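In case you want the letters, here they are:
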Amino acid sequence: MTSLSRRTLLKAGALMGAAGAIGAGAGALGLGRALAEPNRIDLQARPLDFDLTGKGLTKSMMTYGEGTLPPVLRARQGEAFAARLLNTLKEPTTVHWHGVRLPNAMDGVPLLSQPYVYPGDTFDYAFTPPDAGTFWYHPHCNTLEQMGRGLAGMLVVEGKDDPVFDAEIPLMLRDWRLGGNGQFIAAFKARDAAKSGTFGTFRTANWQEEPNVEAPTGGLVRLRILAADVTRIFNFTLEGATADVIALDGNPVPKRFALDTLMIAPGQRLDLALRMPGTEGATARLVDIRGSQPKLIASFTLKGPDLKRNPGDLGPLTANPVPRFDESAAENLDMVLSATADSAPKPSICGTLGYTFWAINKVAWSGDTDPTAPLSELKLGRSYRIRLANPTPHAHPIHLHGMNFVVLSSNMRQVQPFVTDTWAMLPDEKVELGLVADNPGDWVFHCHIIEHQKAGMTTYLRVV
Ligand code: C2O
Ligand code: CU
């Protein structure tokens, strides 16, 4: 990044927490780098009381790191990244690096790829991100509760040839389930968990309600949007500036498309190139138009002299080195998402909702209790055509760990061959997803509406 964009990011970052400074590097976030190993970040999962609503402290929140909130980590494509998780919560946790194609032992799924990290214990994560883009990290243990209370952060992987923007703004979107007194209420309602999930009561971007961020007049801005909520699906529109979608879930999009035509569901990331208008003091607004009432997510107020930038000044994003799906040699793999109510949930160190409402191919599993058998054993290096059906009346953002897939077709809409780790299935949709099983290990495949995941809509694939 240029120093200009770094400065602007600092300004943008100032909105991210009452305590002030936040920067581009993990060091500036207070995620202190250990002296002996300068490249390893200390990532402390910790309890927190924080004035989220502006009306007093919300008690028993959770976060990563010691700095301002929420944490944004940065790594470089093709360069070693390391983080030591220190668990100072009162319960076990793990970290999953969502969307990063990494070795199975670093994937953060208890029992399947690593032990629980108990209170007071540490776990060392180390990997070299092969792909540039917008990723994130969150726990994979008692996930509804831990994510619901705040545990999640963005991971930006910088590429060597990333186009240079005048500013970069991370936006981490999420709701909180708070009562009128600003304190947490029950994380879910069973009748909602059996439908589209239980919605939060207080909506935020970067832990702030409708934040206003400074942006350069007439400048080109990279907006990195992360849908980090456990339930909410978005349809975005931008007022007062032009926006091009440049990447979905970390990968450059094959063709630019209109912002409001694709829903963005829990787990997903959307990178936008914004061209700001040339009038200092003007405002642009990011709005969610999915609900019955449009909802302002964040606004951008233009500052400084008109940079008069042209979107044509930006080079394209470089495609990530994801292996190419081989249509002619692919084997089929059939999967059906279903509603089920017939098996009792298994007890779990990582918590249970007490219900199994959902299943994949009729098996209900929560993803963090003792695994049964993998849904399928895939041969290392082979291509698979996942034929995925959603006969339920609800949307399900399905997420695969450890590997990306390409969206081949849908029975309901025109799709681009997006390369992604999460695909938001519409009700009654059937899709074909092309996967190259190039990463050995046991990889979870689950709905990212966390109540659905935890109430059974989880399975795993074994690659050997
Ligand atoms: Cu972000 Cu298993 O998920
Ligand atoms: Cu779901």
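Residues numbered from 1 in each chain as written. Chains lettered and ligands numbered in written order. Predicted model: local features only at pLDDT ≥ 70, side-chain atom pairs only at ≥ 80, totals over all residues. Heavy atoms only, no water.

### Digging into the state of the cysteines
- Applying the stated criterion across every chain, the model contains 1 disulfide.
- Here cysteine 141 engages in a disulfide with cysteine 350; their sulfurs sit 2.0 Å apart. Sign of the S-S torsion, about -100° for the bond between cysteine 141 and cysteine 350, identifies this disulfide as left-handed. Highlighted residues: cysteine 141 in the loop between β7 (133-138) and α2 (143-148) and cysteine 350 in the loop between β19 (331-339) and β20 (358-360), separated in sequence by 209 residues. (Disulfide = S-S within 2.5 Å. Helix = DSSP H or I, 4+ residues; strand = E, 2+ residues; numbered from the N terminus.)

### Regarding the pattern of salt bridges
- All chains considered together, the criterion is met by 28 salt bridges.
- Residue arginine 101 is joined to aspartate 131 by a salt bridge in which the shortest nitrogen-to-oxygen separation is 2.7 Å. You can see arginine 101 sitting in the loop between β5 (96-98) and β6 (122-127) and its partner aspartate 131 sitting in the loop between β6 and β7, a full 30 residues away along the chain. Per residue, the accessibility class of arginine 101 equals that of aspartate 131, and both read buried.
- Note on arginine 101: relative accessible area 11%, which makes it buried. (Salt bridge = Lys/Arg side-chain N within 4 Å of Asp/Glu carboxyl O. Buried < 20%, exposed > 50% of the residue type's maximum accessible area, 1.4 Å probe, protein only.)

### Looking at the pairing of strand β23 (residues 396-400)
- Counting buried positions along β23 yields 5 of 5 residues, so the element is predominantly enclosed.
- In β23, alternate side chains face the same way, and those of His396, Ile398 and Leu400 on one face and Pro397 and His399 on the other are all buried.
- Across 4 bridges, β23 lies against strand β26 (residues 422-425) in antiparallel orientation. Along β26, the bridge assignment pairs proline 397 with alanine 424.
- In this structure, β23 lies alongside strand β28 (residues 441-447), joined through 3 bridges in antiparallel fashion. Bridge pairing links leucine 400 to phenylalanine 445 in β28. (Pairing = 2+ DSSP bridges.)

### Things to note about the coordination of the copper ion (ligand 2)
- Protein coordination of the copper ion (ligand 2) is provided by His396 (ND1), Cys447 (SG) and His452 (ND1), with donor distances spanning 2.0 to 2.1 Å.
- The sequence pattern describing where the donors of the copper ion (ligand 2) fall on their chain is H-x50-C-x4-H. Of this pair, histidine 396 sits in strand β23 while histidine 452 sits in helix α4 (residues 450-454), placing them 56 residues apart in sequence. In terms of burial, histidine 396 and histidine 452 fall into one category: buried. (Donors = N, O, S within 2.8 Å, 3.2 Å for Na, K, Ca; no water.)

### Quick word on the nonpolar core
- Formed by 112 residues in total, the largest nonpolar core has its most connected members in Trp97, Leu155, Phe236, Phe300 and Leu388.
- Counting residues per element, this core draws most heavily on strand β9 (residues 167-176), at 6 residues.
- For leucine 155, the contacting residues outside a window of four places in its chain are Leu73, Arg74, Ala75, Phe81, Trp97, Val100, Gly133, Thr134, Phe135, Trp136 and Tyr137.
- Among the nonpolar cores identified, the runner-up in size contains 6 residues, and Met263, Ala265, Ala395 and Leu426 belong to it. (Core = buried A, V, L, I, M, F, W, Y, C linked by side-chain atoms within 4.5 Å. Contact = heavy atoms within 4.5 Å.)

### Describing the sheet that holds β23
- On the basis of which strands lie adjacent, the open sheet formed by 5 strands has the order β21-β29-β28-β23-β26 and mixed pairing. The sheet is open, and its two edges are formed by β21 (376-378) and β26, each paired on a single side. Sheet twist, expressed as the average angle between the axes of neighbouring strands with direction ignored, equals 25°. (Axes fitted to C-alpha atoms, helices over the stretch in contact; angles between N-to-C directions.)

### Remarks on the sheet that holds β5
- With respect to topology, 4 strands assemble into an open sheet ordered β3-β8-β7-β5, the strand pairing being mixed. Each of the sheet's edge strands pairs with one partner strand only, and the pair in question is β3 (72-76) and β5. Across the sheet, the axes of successive neighbouring strands diverge by a mean angle of 30°, strand direction being ignored.
- The sheet contact formed by β7 and strand β8 (residues 153-158) spans 5 bridges and is antiparallel. Bridging from a neighbouring strand, glycine 133 pairs with valine 157 of β8.

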